[in-house]
Amino acid sequence: MASLKDMRVRIAATKATQKITKAMQMVAASKLRRAQMAAEAARPFAERMDRVLGNIAAGMAASEGAPKLLAGTGRNQVHLLIVATGERGLAGAFNSSIVRLAREHANRLMAEGKEVKILTVGRKGHEQLRRLYEKNIVDRVELRGVRTIGFTNAEDIARKVLALFEQGQFDVATLFYARFKTVVQQIPTAQQIIPAKPPEGAAAAAPTAAYEYEPEEEEILDELLPRYVAVQIFRALLENAASFYGSQMSAMDNATRNAGEMIRKQTLTYNRTRQAMITKELIEIISGAEAL
Amino acid sequence: MATFHFDLVSPEKLLFSGEVEQVDVPGAEGDFGVLAGHAPMVTTLRPGILTVKSSGGEQKIVVLGGFAEVSAEGLTVLADTADSVEDIDRAMIATRIGEIESRIAKTEPGNALDKLITQLDHYKAVDRHLTGTAMH
């Protein structure tokens, strides 16, 4: 049986752990608030862009000269999976759930005989995917040194994706991230971004007024579509950031509670053992005195 | 005066949303003013100064490229970067000018070069305007 001193050390260790998890939870909570605000601030832009694109696309889809980013390459052979995860762990199932969704997707595509290429954003996703799909990973982006995600980060990633697309490296691009629903609920999501799929509802809801275009429709689409890709990535990164902190917060909350429970149990055992020893000593003294 | 709804959004935030009387937009093919009841249109923007006139007065905002959409619901400007004239980061514009100049030096004559030169002109115009207002 462990000595009293060992038990004291263990209790102290558990208390130290609890302090760390508690601190991490508070940090995550305050960062979550900021990440959530950033995600909400970005929403109007993305929504309006969906609408504008939906309007133009509705008029364009039928015509011959629709750009490839909108109409696709006409093939469906090579798929690019953009897997956005966090840079750090200790956030519950956050990273694994995104990776799992991407993995299922990749396996399904491969079973269909399609070629799969992977671009990872974030260190954790890269580490997990590297084990299985080393050969498929074409590029990786790390956002380690980035304190607050800006639109420029998303633009950098979008540039890479678009460059690959222009070289004809893939036909379809799908973006994986965790959509932030509530603090305890983050939904791993797969979203196709190339060819662009503006939500059907947005185009249908707005009466497709006869727009005047200045310059020509094609030129506008040429500028609008790359930006659409960047905006989608930006939104995914922000949703991911909020989801990460949400997930970390609840994971750390659990850890703090578990540590508390453990401390309670350990203290109980410690006190019992201490009392048992005192009783034993007393009995020894009394029986010693009686023997005299 | 009749008013209409105007939204100015950048990827990072919603900068302006409300009823206005007139907005002067720096379109890629020339400035244009939007009043209530404007015909629906979509256009790209060049870097320039956007002027918002409402009953509360006049507000000038620097936009560095993007899109404008006029529909029955009003005017929506999707700007790449936008900030009021007072808050804009002058150093950022200076670096952009530097970047474009260095790219011009490396680009072969042709369509791409023409585009870069036009870009540079727009940025310089914005910069001049800002210097002008700063001196008042």
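Preceding block: the structure.
This one's a predicted model, so the numbers in the text were calculated from it and none came from an experiment.

Quick notes on the rules
Residues numbered from 1 in each chain as written. Chains lettered and ligands numbered in written order. Predicted model: local features only at pLDDT ≥ 70, side-chain atom pairs only at ≥ 80, totals over all residues. Heavy atoms only, no water. Contact = heavy atoms within 4.5 Å. Salt bridge = Lys/Arg side-chain N within 4 Å of Asp/Glu carboxyl O. Polar contact = N/O pair within 3.5 Å; in protein donor to acceptor, adjacent residues only side chain to side chain. Helix = DSSP H or I, 4+ residues; strand = E, 2+ residues; numbered from the N terminus. Nonpolar A, V, L, I, M, F, W, Y, C, P; charged D, E, K, R; others polar. Pairing = 2+ DSSP bridges. Axes fitted to C-alpha atoms, helices over the stretch in contact; angles between N-to-C directions. Phe/Tyr/Trp six-rings, centres within 6.5 Å; stacked < 30°, edge-to-face > 60°. Buried < 20%, exposed > 50% of the residue type's maximum accessible area, 1.4 Å probe, protein only. Expected span 1.5 Å × (residues − 1). Core = buried A, V, L, I, M, F, W, Y, C linked by side-chain atoms within 4.5 Å.

Looking at the interface of chain A and chain B
Alright, step 1. Across the contact, 24 residues belong to chain A and 25 residues belong to chain B.
Alright, step 2. Linking chain A with chain B are two salt bridges, by the criterion used here.
Alright, step 3. Across the pair B:Asp7 and A:Arg48 runs a salt bridge whose closest N-O atoms are separated by 2.9 Å.
Alright, step 4. For the pair chain A and chain B, the interface holds two residue pairs in polar contact (both at pLDDT 80 or more).
Alright, step 5. Within the residue set of the side of chain A that touches chain B, elements represented by two or more residues are α1 (4-60), β6 (212-214) and α7 (217-291) of chain A.
Alright, step 6. The element contributing the most residues to the side of chain A that touches chain B is α1(A), with ten residues.
Alright, step 7. Taken together, the residues that form the side of chain A that touches chain B break down as 16 nonpolar, two polar and six charged.
Alright, step 8. As paired strands, β6(A) and strand β5 (residues 41-45) of chain B are joined by three bridges and run parallel to one another. The partner of A:Tyr213 across the bridge, within β5(B), is B:Val42.

Things to note about the pattern of salt bridges
Side chains that differ in charge, positive against negative, can pair when their charged atoms come close.
Residue and element names in this part refer to chain A.
Alright, step 1. Applying the stated criterion to the full structure yields 17 salt bridges over all chains.
Alright, step 2. One salt bridge in this structure joins Glu127 and Arg123, with 3.0 Å as the shortest N-O distance. Of this pair, Glu127 and Arg123 both sit in helix α4 (residues 123-133), four residues apart, which is roughly one turn of the helix.
Alright, step 3. Beyond isolated ion pairs, a larger network of salt bridges with shared partners links Arg123, Lys124 and Glu127.

Notes on the sheet that holds strand β1 (residues 78-84) of chain A
Residue and element names in this part refer to chain A.
Alright, step 1. An order of β3-β2-β1-β4-β5 is seen for the five strands of this open sheet, with the pairing classed as mixed. The outermost strands of the open sheet, each flanked by one partner alone, are β3 (137-141) and β5 (185-194). Neighbour-to-neighbour, the strand axes of this sheet turn through a mean angle of 20 degrees, independent of strand direction.
Alright, step 2. On the sheet, helix α5 (residues 151-166) packs against β1, β2 (115-121), β3 and β5 and is oriented at approximately 160 degrees with respect to β3.

Describing the packing of aromatic side chains
All names here are of chain A.
Alright, step 1. By the definition in use, this model includes five aromatic pairs over all chains.
Alright, step 2. Between Phe151 and Phe234, the ring centres sit 5.3 Å apart and the planes meet at 85 degrees, which makes this aromatic pair edge-to-face. One end of the pair, Phe151, is in helix α5; the other, Phe234, is in helix α7, with 83 residues separating them in the sequence. The same class applies to Phe151 and to Phe234, which are both buried.
Alright, step 3. A centroid spacing of 5.4 Å and a plane angle of 50 degrees characterise the contact between Phe165 and Phe170, whose relative ring orientation is tilted. Across this residue pair, the class does not change: Phe165 and Phe170 are buried.
Alright, step 4. A network of ring pairs unites the aromatic residues Phe94, Phe244 and Tyr245 as a single cluster.

Some thoughts on helix α3 (residues 94-111) of chain A
Residues and elements named next belong to chain A.
Alright, step 1. In a regular helix each residue adds 1.5 Å, so 18 residues correspond to 26 Å; α3 covers 26 Å between its end C-alpha atoms and thus fits that length.
Alright, step 2. In this structure, the buried side of α3 is in contact with β1, β2, α4, β4 (172-182), β5 and α7.
Alright, step 3. Positive backbone phi, at 85 degrees, marks Gly113, one or two positions downstream of α3.

Some details on the nonpolar core
Residue and element names in this part refer to chain A.
Alright, step 1. Among the nonpolar cores identified, the biggest contains 52 residues, and Ile82, Val121, Val161, Phe170, Ile194 and Ile233 are the most heavily contacted of them.
Alright, step 2. Residue assignment for this core shows that the elements contributing at least two residues are α1, α2 (68-71), β1, β2, α5, β4, β5 and α7.
Alright, step 3. At 13 residues, α7 tops the list of elements feeding residues into this core.
Alright, step 4. When near neighbours in sequence (up to four residues on either side) are disregarded, Phe170 contacts Thr73, Val78, Leu80, Val161, Leu164, Phe165 and Ile194.
Alright, step 5. In this structure, Val83, Phe94, Val99 and Tyr245 belong to the second largest nonpolar core, which totals 25 residues.

Re unusual backbone geometry
Residues and elements named next belong to chain A.
Alright, step 1. The omega torsion of the bond from Ile194 to Pro195 falls at -5 degrees, within 30 degrees of zero and hence cis.
Alright, step 2. Mapped onto the fold, Pro195 is located in the loop between β5 and α6 (200-205).
Alright, step 3. You will see that Leu90, though not glycine, has its phi angle at about 55 degrees, which is positive.
Alright, step 4. In this structure, Leu90 sits in the loop between β1 and α3.
Alright, step 5. Its relative accessible area of 56% is what places Leu90 among the exposed residues.

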